[in-house]
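As a plain string of letters, each chain reads:
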Amino acid sequence: MPSSDFDSAAVRFDATADEILGQTMSMLSKERLLLDEVAATKEPTFESVIKPIGEMYNSHESAYKLNKFLHKVSSNKGVCDAAAESEALEKDFKTECLMREDIYQLIRAVYDNQEEMEKLEAEDKRLVAKMEMKYRREGAALSEEKRKELVKLKVQLAKLELAFQRNITEQEGKAWFTRGELAGLPESYFYKRQSKQVGGDEKFMVTTGYNDYLQLMKYAKLEATRRAMFLIQNTRCADNLKLLEEAIKLRLEKAQLLGYSTHAEYALEPLMAQTPQNAYNMLSELRKQFTELGTKELEELEALKQADIESEGRVYEGFYEWDRSFYAQMLLQKRHPINYEQVKGYFSLLHVVSGILETFQEMFQLKLTEQENAKAWHSDVVMYKVEDASGKPLGHFYLDLFTRPNKYSHISAFSLQAGCKLNDQLPVAALVCNFNKPTASTPVFLFQHEVESLMKEIGKVFQNLLSQPKWAQFHGFDALEPDCANAHGQMFEASLMNPNILRKITFHYKTNESIPEELALKLIAAKNEGTGLVHLRQVFLAMYDLAINNSEDTVDANEMFNSMNSDISLISCGSTKTLVVTKFPQYMADELAGTYYAYLWSQACGADMYQEVFLNNNGDAEAWQKYRTGVVEVGATQSSSAVISEYLGRDPSANAFVRLFS
């Protein structure tokens, strides 16, 4: 039964637009004043420099996080606009502060004081090191003249990124095809689709929009149709090639201005990998192992295409990028004929969410209590109090599951307040989704990938609730190194490869019975189909990202993309000229460039931890307790490399990740 004995006033959601802006301006003013006071310090120590800055962050971080959150979920346009404006003000102010040479010199003095550093507790010592790195990487160690040059480069890069993204958005491609040319597409594809008469034939318009393009590439039987659409999709942003190559050049200039040899060296410094070579070594190992699996998969796909071609009396000429999705879908349906009408009854939204919550409650030995009449940002939102087995409060979280206008459209976990021992502050988190609201007679059914996303993101909510460091900036999943931030979520998602876990969270909406084991095993097998080629593609994209950002020479971005693609991912475009790279915003974003490998690194770490919990220890209570205390509760108070290595008893490797799919 819902409870009403919990004070949920720790985080306010009812602030007006004026209050949000007023609070932000007040906080920024206080921060500027405090930094000016710190700058006047004559004897820099942890107590006089680091501690006041850290305490200021502890006090203000919840309000800043809430602004970012309200911008995504509030139904009040005025509040959304004020939150967005506040977020922009905070970002500009932080950029300005992190370039203050006077503050950096004081932080550096503490960092270089070996005698004092040795006396500090481990988390305090890490706070000093993180502050020093953050200020230095923003240019605070540079001369005034070089800082101005750095700002100029950042402005130029921001303009290039904006133009690149605008081209992707605005330069949409389209083509017109007859019904025969679109053979294989389901009838629903043509519903309300724009058409016109051309030479006596009715032709239908297909765009490069995500759903249009994806369905055509998966189901269109004619290779000529798929190839035509592939070329339109991958040549429509030709102007972006020049923008990308200019950005690569400017990023190199920026990195070298800051004292790094390449942008990749700069980008990876604060991450788990630390160096481009470490990232490359991991990717090389993944490439080696997935190539063996991918080669076998490609042979099967080629056999399907060859049989198709020869049945029509034509000569087989090769397997190309525009064939990938079509024949992968054909093989999936041939090898794993699953009745998804039967499956969906086990994937009803409310049953799945309830099953996931109960599973995490059991895994981590927690007690969850739904709260009545809790104050939130919308009447659909539900709040839960979280306690450990002894009844000790750990924090609370919100579930915001249902769609509404202008709401954030993805499944995602958010940290609204950090757990912080210094402030005696408990963590607050939220899960935001955009599902239709079910009724008593009309349940909402999920796709398998949505079930996996819910498992991953709800897991990250609990990851936040179980972390309570001394300093707020070390709290939760979003405080971890970017190449580890998703590792725990990936582990929770990987747990659904275990049929026992999948059966724990899926119950039939009518009978309340768990999904049959045989059906669960079929779903897991289908999910693993074609993963060698899928992951080789990711390895290629990550290796290419490192290559263009770890070079001190001029880069031919498109030639390098095409040659590396056919070499690593095993599938090419033949002699067809394409500009696929011109529609990858990840390569253009200054904050992401050089770090594409992080997704695979996180997956590898997550798979390693999954193996430790489930395969080595059968997923028992003791294994979960070891994971909770040894990894989750430690959070970002130590380097993720050290935490995971200590937990595993060795350095993380790619082996467990590959074994998941072998």
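Placed above this text is the structure.
These notes cover the structure that comes with them. (Residues numbered from 1 in each chain as written. Predicted model: local features only at pLDDT ≥ 70, side-chain atom pairs only at ≥ 80, totals over all residues. Heavy atoms only, no water.)

Observations regarding the overall build of the protein chain
Part 1 of the argument: Looking only at helices and strands, one finds 26 helices and eight strands in the protein chain.
Part 2 of the argument: For a compact globule of 662 residues, the expected C-alpha radius of gyration is about 26 Å, and the protein chain comes in at 26 Å, within 12% of that figure.
Part 3 of the argument: When the backbone C-alpha atoms are referred to their principal axes, the protein chain occupies close to 85 × 65 × 50 Å.
Part 4 of the argument: Expressed as a percentage of its 662 residues, the buried residues of the protein chain come to 53%.
Part 5 of the argument: When the accessible surface of the protein chain is split by element, carbon and sulfur atoms take 49% of a total near 30,300 Å².
Part 6 of the argument: Charged side chains of the protein chain number 74 positive and 95 negative; the gap between the two group centres comes to 3 Å. (Helix = DSSP H or I, 4+ residues; strand = E, 2+ residues; numbered from the N terminus. Rg over C-alpha atoms; globule rule 2.2 N^0.38 Å. Buried < 20%, exposed > 50% of the residue type's maximum accessible area, 1.4 Å probe, protein only. Areas by Shrake-Rupley, 256 points an atom, 1.4 Å probe, with all protein chains shown as cover. Lys, Arg positive; Asp, Glu negative; His and termini not counted. Charge placed at Lys NZ, Arg CZ, Asp CG, Glu CD.)

Observations regarding the sheet that holds strand β6 (residues 393-402)
Within a sheet, adjacent strands bond to each other through the backbone by hydrogen bonds, running parallel or antiparallel.
Part 1 of the argument: Read from one edge to the other, the open sheet built from five strands follows the order β4-β5-β6-β8-β7, with strand pairing classed as mixed. Of all strands in the sheet, those bounded by a partner on one side alone are β4 (366-371) and β7 (412-417). Averaged over all pairs of adjacent strands, the angle between their axes in this sheet comes to 25 degrees, without regard to strand direction.
Part 2 of the argument: Relative to strand β8 (residues 428-435), β6 runs parallel, the two sharing six bridges. Its bridge partner being in β8, histidine 396 is matched across the sheet by valine 428. (Pairing = 2+ DSSP bridges. Axes fitted to C-alpha atoms, helices over the stretch in contact; angles between N-to-C directions.)

Remarks on the packing of aromatic side chains
The relation between two aromatic rings is expressed through the spacing of the ring centres and the mutual angle of the planes.
Part 1 of the argument: A full pass over the atoms with the stated rule returns 38 aromatic pairs.
Part 2 of the argument: Taking the centre distance of 5.2 Å and the plane angle of 85 degrees together, the rings of phenylalanine 13 and tyrosine 398 count as edge-to-face. Separated by 385 residues along the polypeptide, phenylalanine 13 in the segment before α1 (17-39) and tyrosine 398 in strand β6 bring together distant segments of the chain. The exposure classification of phenylalanine 13 matches that of tyrosine 398, with both residues buried.
Part 3 of the argument: Taking the centre distance of 5.6 Å and the plane angle of 85 degrees together, the rings of phenylalanine 614 and tryptophan 624 count as edge-to-face. With a gap of ten residues between them, phenylalanine 614 in helix α23 (residues 598-615) and tryptophan 624 in helix α24 (residues 621-632) connect regions that are remote in the sequence.
Part 4 of the argument: Using a relative accessible area of 6% as the deciding quantity, one classes phenylalanine 614 as buried.
Part 5 of the argument: The class of tryptophan 624 is buried, set by a relative accessible area of 3%.
Part 6 of the argument: Among the aromatic residues, those joined into a cluster by ring pairs are Phe360, Phe364, Tyr384, Phe397, Phe462, Phe492, Tyr610, Phe614, Trp624, Tyr627 and Tyr647.
Part 7 of the argument: Between the NZ or CZ atom of arginine 193 and the centre of the ring of tyrosine 189, over which it lies, the distance is 3.9 Å. (Phe/Tyr/Trp six-rings, centres within 6.5 Å; stacked < 30°, edge-to-face > 60°. Lys NZ or Arg CZ within 6 Å of the ring centre and 35° of its normal.)

A look at unusual backbone geometry
Part 1 of the argument: Residue glutamine 274 is not a glycine yet carries a positive backbone phi of 70 degrees.
Part 2 of the argument: Among the structural elements, glutamine 274 can be located in the loop between α11 (263-268) and α12 (276-311).
Part 3 of the argument: Of note in the backbone geometry, asparagine 373 takes a positive phi value of approximately 55 degrees without being a glycine.
Part 4 of the argument: Along the polypeptide, asparagine 373 turns up in the loop between β4 and β5 (382-388).

Topic: the packing of helix α2 (residues 46-73) against helix α3 (residues 77-97)
Part 1 of the argument: Remark: α2 packs on α3, axes separated minimally by 8 Å, with the N-to-C direction vectors making an angle of 135 degrees. It follows that α2 is oblique to α3 by the angle criterion. For the pair α2 and α3, the crossing hand works out as left-handed. For the pair formed by α2 and α3, the contact residues are Tyr64, Asn67, Lys68, Leu70 and His71 on the first element and Val79, Cys80, Ala83, Ala84, Ser86, Glu87, Glu90 and Lys94 on the second.
Part 2 of the argument: Among the residues making up the contact of α2 with α3, the classes are represented as six nonpolar, three polar and four charged. (Parallel < 35°, antiparallel > 145°, perpendicular 65-115°, else oblique. Left-handed = near helix turned anticlockwise from the far one by under 90°. Contact = heavy atoms within 4.5 Å. Nonpolar A, V, L, I, M, F, W, Y, C, P; charged D, E, K, R; others polar.)

Re the nonpolar core
Part 1 of the argument: Counting residues in hydrophobic clusters, the biggest one holds 150 residues, and the most contacted among them are Phe397, Leu454, Phe462, Tyr544, Tyr597 and Tyr627.
Part 2 of the argument: If near-sequence neighbours (up to four positions away) are discounted, tyrosine 597 is found in contact with Leu268, Leu271, Ala273, Ala279, Met282, Leu283, Asp483 and Ala542.
Part 3 of the argument: Val49, Ile53, Tyr104 and Met131 belong to the second largest nonpolar core, which has 30 residues in total. (Core = buried A, V, L, I, M, F, W, Y, C linked by side-chain atoms within 4.5 Å.)

Observations concerning the packing of α12 against helix α13 (residues 321-335)
Part 1 of the argument: Where α12 meets α13, the axes come as close as 9 Å, and the angle between the chain directions of the two elements is 100 degrees. Put simply, α12 runs roughly perpendicular to α13. On α13, the residues that touch Glu300, Leu301, Leu304, Lys305 and Asp308 of α12 are Asp323, Phe326, Tyr327, Ala328, Met330, Leu331, Lys334 and Arg335.

Things to note about the pairing of β7
Part 1 of the argument: Taking burial as the measure, the six residues of β7 include six buried ones, the bulk of the element.
Part 2 of the argument: Relative to β8, β7 is paired through five bridges, and the arrangement is antiparallel. Residue pairing for β8: serine 412 is matched across the bridge by valine 432.

A short note on the side chain of glutamate 452
Part 1 of the argument: One can find glutamate 452 in helix α16 (residues 448-465).
Part 2 of the argument: Residues contacting glutamate 452, with those up to four places away along its chain left out, are Glu493, Leu496 and Lys527.

Describing the pairing of β5
Working note: regular strand, side chains alternate between the two faces of the sheet.
Part 1 of the argument: Of all seven residues in β5, six are buried; the element is thus mostly enclosed.
Part 2 of the argument: As paired elements, β4 and β5 share six bridges and run antiparallel to each other. The residue bridging threonine 369 from the neighbouring strand is lysine 385, located in β5.
Part 3 of the argument: Pairing of β5 with β6 involves six bridges; the strand directions are antiparallel. Each residue of the ladder has a partner; that of methionine 383, found in β6, is tyrosine 398.
Part 4 of the argument: In this structure, the hairpin formed by β5 and β6 is closed by a connection of four residues, where glycine 391 is found at a positive phi of approximately 95 degrees.

Some remarks on the state of the cysteines
Part 1 of the argument: For the structure on display, the rule yields zero disulfides.
Part 2 of the argument: Here cysteine 484 stays free of any disulfide, with the sulfur of cysteine 605 as its closest cysteine sulfur at 5.6 Å.
Part 3 of the argument: The exposure class of cysteine 484 is buried, given its relative accessible area of 1%. (Disulfide = S-S within 2.5 Å.)

Notes on the sheet that holds strand β2 (residues 195-198)
Part 1 of the argument: Strand order across the open sheet formed by three strands is β1-β3-β2, with antiparallel pairing between neighbours. A single partner strand is all that each edge strand has here, and the edge strands are β1 (174-178) and β2. For this sheet, the mean angle separating the axes of adjacent strands, direction not counted, is 40 degrees.
Part 2 of the argument: As paired strands, β1 and strand β3 (residues 201-207) are joined by five bridges and run antiparallel to one another. Residue pairing for β3: tryptophan 176 is matched across the bridge by methionine 205.

Any functional reading would require information that these geometric values do not contain.
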